[in-house]
Amino acid sequence: MTAVLQATDVPLRLSVDADRLWADLLATARFGAHGETGMHRLALGSADEEVRRWFEAECRALGCTVEVDRIGNMFATLPGSEPGLAAIAVGSHLDTQPAGGRFDGILGILAGVEILRVLKASGRALRHPFTVVNWTNEEGSRFSPAMMGSGVFCGVHDIETIYARVDKDGVTVREALGAIGYRGECAPGHLPMAAYLELHIEQGPVLEADGSAVGIVTGVQGLRWLDIRMSGTEAHAGAFPMGLREDALVFAAKAVLAVEKVALKHPPGVATVGYIHAVPNSRNVVPGEVRLEIDMRHPEESGLAAMETDLTNEIERLAPGAQLSVVWRKAPVVFDAALREVIRQEAEGLCLSALEMVSGAGHDAAHVAAKAPTAMIFIPSREGLSHNEREYSSPQQCANGADLLLRSVLRADELFHG
Ligand code: HGY
Ligand code: MN
Ligand code: MN
């Protein structure tokens, strides 16, 4: 790789159209709108299909080819001026949480569409092909695990195993992909990448508290998803004596507190029970079974291991018959130093104050980092809120992030000969 060029060496000072980007963010919020400012666009549902169709049409109109792989990942590509180079890609995800916000995921894709528009208007082609990616099911809310599409693309998950994953209604990933017409033909990992850059909202309070305009993400903390099934005995809520009851939800309540206790014991680890389901879930029946879904995270693999061990021991002690299973383990990831330096220099060139930070949230970039030089850019989240209908970043913050993404792509195109 050649010496890192100075920011001013880049021939054209292109910039995004902030109003057009903001208009896209508001316009695409109609796909799965939920309440006043919320989103309900679960992976592979009808709203996901609608926004996918919109994305595909926009990119085709801008001169891109659009490929879809077997897990429904979408790749919109503008050809480069030099034959034989791998793509420089940007992207993120279009799916949301059940009551999510308007920025999580889609900002990174709409910034990519804006870059397509800027390049087309400038009449400038990059040396490398330029690809905007929509990764299938980043959230993992309807189908686990999260970051599913990027995991299949990077060979972490076998496609047939993932096709068989079911949602809580028993619908498989394969059926859901077919139902929206996005079970594509391209083999997983079909697109070689010279570099991958992802713009995303921070989803926490760090940047806002620090007052920095952008985050230069050094890496992503590790995570583990565990399920616990606790059994008791269904009984009449009125007639069955307290002393004889085996109330599964009482066991579960102790388990929820144990999850919190384990996280607090291993700072800066975090953990929560995001999903709980009691059976039969009827007011006047003592619960006979409870299913808990746990999400725990830590920047160090050793911290994750200690948390998992402690939680396993705690559950054994509290509810000996409980069945604990590990659904997913994702090790911490460090992003590419050269790409981070490009982002740092371009942030300086744009006079954007920047803070280096680890991502608390998971992202598709955490998988892609194993396949290509990868880095991320964050913009602040108001009050640190995300996975919340009040999620918000300002038009200027979105434009700052998109401009930095554009400048970083242009520099990577100069620097990389991938
Ligand atoms: O869970 C995550 O970290 C991501 O927001 N899906
Ligand atoms: Mn996201
Ligand atoms: Mn999310």
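Just so you know, these numbers come straight off a predicted model, no measurement behind them.

The next point concerns the coordination of the manganese ion (ligand 2). Looking at the manganese ion (ligand 2), one finds its protein donor set to be His 93 (NE2), Asp 104 (OD) and His 200 (NE2), positioned 2.1 to 2.3 Å from the metal centre. Mapped onto the polypeptide sequence, the residues donating to the manganese ion (ligand 2) form the spacing pattern H-x10-D-x95-H. Given a relative accessible area of 0%, His 93 falls into the buried group.

For the rest of this paragraph, the subject is the coordination of the manganese ion (ligand 3). Each pair of donors in an ideal four-coordinate tetrahedral metal site encloses 109.5 degrees, whereas pairs in an ideal six-coordinate octahedral site enclose 90 or 180 degrees. For the manganese ion (ligand 3), the full set of protein donor atoms is Asp 104 (OD), Glu 139 (OE), Glu 139 (OE) and His 387 (NE2), and the range of their distances to it is 2.1 to 2.5 Å. The sequence pattern formed by the donor residues of the manganese ion (ligand 3) is D-x34-E-x247-H. Separating the manganese ion (ligand 3) from the manganese ion (ligand 2) is a distance of 3.4 Å, and Asp 104 supplies a donor atom to each of them. Residue Asp 104 is located in the loop between β5 (87-92) and α3 (106-122), and its partner His 387 is located in the loop between β17 (374-379) and α12 (395-415); the two are separated by 283 residues in the primary sequence.

Turning our eyes to something else, we now look at the pairing of strand β3 (residues 65-68). Across a regular strand the side chains alternate sides, sitting on one face of the sheet and then on the other. Residues Val 66 and Val 68 point to one face of β3 and are all buried, whereas Thr 65 and Glu 67, pointing to the other face, are not buried. Judged from the four bridges that link them, β3 and strand β4 (residues 74-78) form a sheet pairing that is antiparallel. Bridge pairing in β4 links Val 68 to Met 74. Counted along the chain from β3 to the antiparallel partner β4, the turn is five residues long, and its residue Gly 72 has a positive phi close to 85 degrees.

In this section: the packing of α3 against α12. At a closest axis distance of 10 Å, the pairing of α3 and α12 adopts a crossing angle of 60 degrees. It follows that α3 is oblique to α12 by the angle criterion. Judged by the sense of rotation from one axis to the other, the crossing of α3 with α12 is right-handed. Contacts from Leu 107, Ala 111, Ile 115, Val 118 and Leu 119 of α3 reach α12 at Cys 398, Ala 402, Leu 405, Leu 406, Val 409 and Leu 410. Partitioning the contact of α3 with α12 into residue classes produces 11 nonpolar, no polar and no charged.

Quick look at the domain arrangement of the protein now. One can read the domain layout of the protein as domain 1 (2-221 + 332-417) and domain 2 (226-328). Distance from the C-alpha centre of domain 1 to the C-alpha centre of domain 2: 35 Å. On the domain 2 side, the residues contacting the 13 residues of domain 1 number 10 residues. Where domain 1 abuts domain 2, roughly 810 Å² becomes buried across the two surfaces, and 63% of that area is made up of carbon and sulfur atoms. The largest per-residue losses of area from domain 1 upon contact with domain 2 belong to Lys 168, Gln 221 and Pro 332, which jointly make up 59% of the total buried on that side. Summed over the shared surface of domain 1 and domain 2, the number is one salt bridge. Close ionic contact of Glu 293 with Lys 168 constitutes a salt bridge, the shortest N to O distance being 3.4 Å. Summed over the shared surface of domain 1 and domain 2, the number is two residue pairs in polar contact (both at pLDDT 80 or more). Of the residues that constitute the side of domain 1 that touches domain 2, the class distribution is five nonpolar, six polar and two charged.

Scoring rules and cut-offs
- Residues numbered from 1 in each chain as written.
- Chains lettered and ligands numbered in written order.
- Predicted model: local features only at pLDDT ≥ 70, side-chain atom pairs only at ≥ 80, totals over all residues.
- Heavy atoms only, no water.
- Donors = N, O, S within 2.8 Å, 3.2 Å for Na, K, Ca; no water.
- Buried < 20%, exposed > 50% of the residue type's maximum accessible area, 1.4 Å probe, protein only.
- Helix = DSSP H or I, 4+ residues; strand = E, 2+ residues; numbered from the N terminus.
- Pairing = 2+ DSSP bridges.
- Axes fitted to C-alpha atoms, helices over the stretch in contact; angles between N-to-C directions.
- Parallel < 35°, antiparallel > 145°, perpendicular 65-115°, else oblique.
- Left-handed = near helix turned anticlockwise from the far one by under 90°.
- Contact = heavy atoms within 4.5 Å.
- Nonpolar A, V, L, I, M, F, W, Y, C, P; charged D, E, K, R; others polar.
- Domains from an automatic or database assignment.
- Buried area = accessible area lost by both parts, 1.4 Å probe.
- Salt bridge = Lys/Arg side-chain N within 4 Å of Asp/Glu carboxyl O.
- Polar contact = N/O pair within 3.5 Å; in protein donor to acceptor, adjacent residues only side chain to side chain.

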